[in-house]
Amino acid sequence: MASMLQPQIILLKEGTDTAQGKGQLISNINACTAVADAVRTTLGPRGMDKLVHDEKGNTTISNDGATIMNLLDIVHPAAKILADIARSQDSEVGDGTTTVVLLAAEFLKEAKPFVEDGVHPHNLIRSYRTASSMALKKIEELAVSIEGKSLEEKKQLLSKCAATTLSSKLIGGEKEFFASMVVDAVIAIGNDDRLNLIGIKKVPGGTMRDSFLVKGVAFKKTFSYAGFEQQPKKFLSPKILLLNIELELKSEKENAEIRLSDPLQYQSIVDAEWNIIYDKLDKCVKSGAKIVLSRLAIGDLATQYFADRDIFCAGRVAEEDLKRVAAATGAAVQTTVNNIIDEVLGTCEVFEERQVGNERFNIFSGCPSGQTATIVLRGGADQFIEEAERSLHDAIMIVRRALKNSTVVPGGGAIDMEISKYLRQHARTIAGKSQLFINAYAKALEVIPRQLCDNAGFDATDVLNKLRQKHASGEGANYGVDINTGGIADSFANFVWEPAVVKINAINAATEAACLILSVDETVKNPKSESAQGEAAASAMAGRGGPAMRGRGGRGMRRR
Ligand code: ADP
Ligand code: MG
């Protein structure tokens, strides 16, 4: 009866699920902690790998935080933010993806008791932001520059950074081997910023040690026609012609219609087609090129024609490979064979087709502009090579970053402990509640060394106590977890180095994510918002304030 007299105020459609207030915030924090628990054990050289398989039966074995987070298919809206920051760390710096997730979750975990006690999240956010900017300044202060060193010295420093990244991966056992390979590859491409100039080709079989670096381009032999066997497979300083046209006899289009009055004319039409392709082939040969590559098909006629003239050809070369050949050899991709001038032809010292495992590879080495490099990866299982590729990608990114920013910090939790100490000291000088919050932030930073210990089976409390003591003494700024003995060691002396930018980006992104999650106090789930039906219903609701509410609920979650 009462409900008839007092009409209900409908703000949201039926079925809309809202959760708000402190409870919601705590539940978001719990979700983030749960997600971080999924990648927690992968951190560091003694970290474990994860095997993720989906309903299609694809299995992936990985140690990389970003890869795992992507594969997890997280549905919790707040926890998704963690997957986002892992992804952004991956694209910004390439490494430190587990670190960033762990830090963000730990910041939240430390904030949880305060939230439960009724502290307004904005007080926490403000203190976290201050702490973060102080931490960043401190890192910049502590970072050691490798600028001004000779190339040889720089190479050594860079391979130390690459080795640190690789030490936590499946291929960690061969980290020196791969680290120097990665450094050579990155130095080979020079200052060019395009990552795809370093190609990674995977050939299952053999052992890791059979992997090799080509200072130039290598790609798998493309599909070929009869006549290919007669083509020469090795050239010294050949001219190289790159095309983006088909060299194939065209079959008539099904709907083409030609009317003839005299059967003899038919021959002339057939001849015309042959003349066109012979004319094209002739022009390629006349250009003086010894190697002809095309993005499109090179048919059997052309293959035989080139074979008779001692020319090597390959059709259907992947666009990426063709671009890299162009960058390496100085050739320009042609869309017509008319007027091929010498300037558009490229060259390299040696071209050869070589057997790698049970694949044949076309390899261009000694390229003049030298701006490409290709790593041919060998190894047992497919999953293994896939993971090796991801690991090398991390290492390549790290070396490029280190080369660009050229500052490094000690790893193994050393820098985290030092910043933690610094923030604790600072906290003591301030009055009020923010002292507690900054302390919480400082404590959260210790998660990195703690997790490194846990994953290696060391007594984390013991090691952390030693580390705190060492750092507090004022002369142990570089001390971190010693992964070999279970004690503490000077990370700089042990060459556990990381580019400063990894830590800077990780702290920045993790703080941002934590603050973002702390600022959300309401999640609204709109069941039909994605269907067209939902759109129609929403506009019908316009007069009742429906969309306005939806807008508000969505605010904090925009990064989804
Ligand atoms: P992420 O995805 O965050 O890069 P990793 O599994 O690669 O995670 O672990 C990186 C962490 O391991 C860094 O904190 C780094 O300092 C530490 N680390 C790497 N190599 C060593 C080592 N030899 N000794 C101690 N710590 C190491
Ligand atoms: Mg790493």
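Look up a bit, the structure's there.
The text that follows walks through the structure, step by step, so that each part is easy to find. Source: prediction; values computed, not measured.

Topic: the overall build of the chain
Line of reasoning, step 1. Regarding its fold elements, the chain presents 19 helices and 20 strands.
Line of reasoning, step 2. When burial is assessed residue by residue, the chain has 49% of its 560 residues classed as buried.
Line of reasoning, step 3. Put simply, 76% of the contacts in the chain that link residues at least 6 apart link residues at least 24 apart.
Line of reasoning, step 4. Carbon together with sulfur atoms contributes 50% to the accessible area of the chain, which is approximately 26500 Å² in total.

Some remarks on the pairing of strand β14 (residues 359-365)
Line of reasoning, step 1. Pairing geometry for strand β7 (residues 216-220) and β14, over five bridges, is antiparallel. What sits directly across from Lys 220, in β14, is Phe 361.
Line of reasoning, step 2. Alignment of strand β13 (residues 350-356) against β14, held across seven bridges, turns out to be antiparallel. Following the sheet pairing, Glu 353 is matched in β14 by Asn 362.

Section: the sheet that holds β13
Line of reasoning, step 1. An order of β7-β14-β13-β8 is seen for the four strands of this open sheet, with the pairing classed as antiparallel. What marks the edges here is a single partner per strand, and that holds for β7 and β8 (234-236). Direction aside, the axes of adjacent strands within the sheet are offset by 25° on average.
Line of reasoning, step 2. The sheet contacts of helix α11 (residues 319-329) involve β7 and β14, and relative to β7 the element is tilted by about 155°.

Re the site of ligand 1
Line of reasoning, step 1. Residues in contact with ligand 1 amount to 21 residues; listed here are only the nearest, Asp 95, Thr 99, Ser 167, Ser 168 and Gly 412.
Line of reasoning, step 2. Within the contact set of ligand 1, a nitrogen atom lies 2.8 Å away from a side-chain nitrogen or oxygen of Ser 167.
Line of reasoning, step 3. Relative to its free-state accessible area of 570 Å², ligand 1 is covered by the protein chains to the extent of 95%.
Line of reasoning, step 4. Among the elements of the structure, α5 (97-116) and α15 (447-456) are those that each provide at least two residues to the shell around ligand 1.
Line of reasoning, step 5. The element best represented in the shell around ligand 1 is α5, accounting for three residues.
Line of reasoning, step 6. Its residues assigned to classes, the shell around ligand 1 shows seven nonpolar, twelve polar and two charged.

So, helix α13 (residues 414-428)
Line of reasoning, step 1. Taking 1.5 Å of rise per residue, the 15 residues of α13 would be expected to cover 21 Å, and the 22 Å separating its terminal C-alpha atoms lies within 8% of that figure.
Line of reasoning, step 2. Every buried residue belonging to α13 is among Ala 414, Ile 415, Asp 416, Met 417, Glu 418, Ile 419, Ser 420, Lys 421, Leu 423 and Ala 427, and all of these are buried.

Remarks on the packing of α5 against α15
Line of reasoning, step 1. The N-to-C vectors of α5 and α15 enclose an angle of 115°; their axes lie 10 Å apart at closest approach. The chirality of how α5 crosses α15 is right-handed. Here α5 contributes Thr 99, Leu 102, Leu 103 and Glu 106 to the contact with α15, which in turn contributes Val 447, Ile 448, Arg 450 and Gln 451.
Line of reasoning, step 2. Taken together, the residues of the contact of α5 with α15 break down into four nonpolar, two polar and two charged.

Section: the environment of Asn 439
Line of reasoning, step 1. Mapping Asn 439 onto the fold places it in helix α14 (residues 434-445).
Line of reasoning, step 2. Asn 439 gets classed as partly exposed once you look at its relative accessible area, which sits at 28%.
Line of reasoning, step 3. When the C-alpha atoms of Asn 439 and Arg 424 are compared, they prove to be 5.6 Å apart, with 15 residues separating the residues in sequence.

A few points about the packing of aromatic side chains
Line of reasoning, step 1. Under the definition given, this model contains 16 aromatic pairs.
Line of reasoning, step 2. Considering the side-chain rings of Phe 114 and Phe 437, the 5.0 Å spacing of their centres and the 80° angle between planes classify their relative orientation as edge-to-face. A residue pair is termed long-range when its members are at least 10 positions apart, and Phe 114 in helix α5 and Phe 437 in helix α14 qualify at 323 residues. Comparing Phe 114 with Phe 437 shows no difference in burial state: the two are buried.
Line of reasoning, step 3. Consider the rings of Tyr 305 and Phe 306, whose centres lie 6.5 Å apart with planes at 80°: the pair is edge-to-face.
Line of reasoning, step 4. Taken together, the ring pairs connect Phe 219, Phe 228, Phe 235, Phe 312, Phe 351 and Phe 364 into an aromatic cluster.
Line of reasoning, step 5. It is Lys 470 that lies over the ring of Tyr 479; its NZ or CZ is 4.8 Å from the centre.

Here is what the cut-offs are and how they apply
- Residues numbered from 1 in each chain as written.
- Chains lettered and ligands numbered in written order.
- Predicted model: local features only at pLDDT ≥ 70, side-chain atom pairs only at ≥ 80, totals over all residues.
- Heavy atoms only, no water.
- Helix = DSSP H or I, 4+ residues; strand = E, 2+ residues; numbered from the N terminus.
- Buried < 20%, exposed > 50% of the residue type's maximum accessible area, 1.4 Å probe, protein only.
- Contact = heavy atoms within 4.5 Å.
- Areas by Shrake-Rupley, 256 points an atom, 1.4 Å probe, with all protein chains shown as cover.
- Pairing = 2+ DSSP bridges.
- Axes fitted to C-alpha atoms, helices over the stretch in contact; angles between N-to-C directions.
- Near = heavy atom within 4 Å.
- Polar contact = N/O pair within 3.5 Å; in protein donor to acceptor, adjacent residues only side chain to side chain.
- Nonpolar A, V, L, I, M, F, W, Y, C, P; charged D, E, K, R; others polar.
- Expected span 1.5 Å × (residues − 1).
- Left-handed = near helix turned anticlockwise from the far one by under 90°.
- Phe/Tyr/Trp six-rings, centres within 6.5 Å; stacked < 30°, edge-to-face > 60°.
- Lys NZ or Arg CZ within 6 Å of the ring centre and 35° of its normal.

Note that all results are geometric; they support no functional claim without further evidence.
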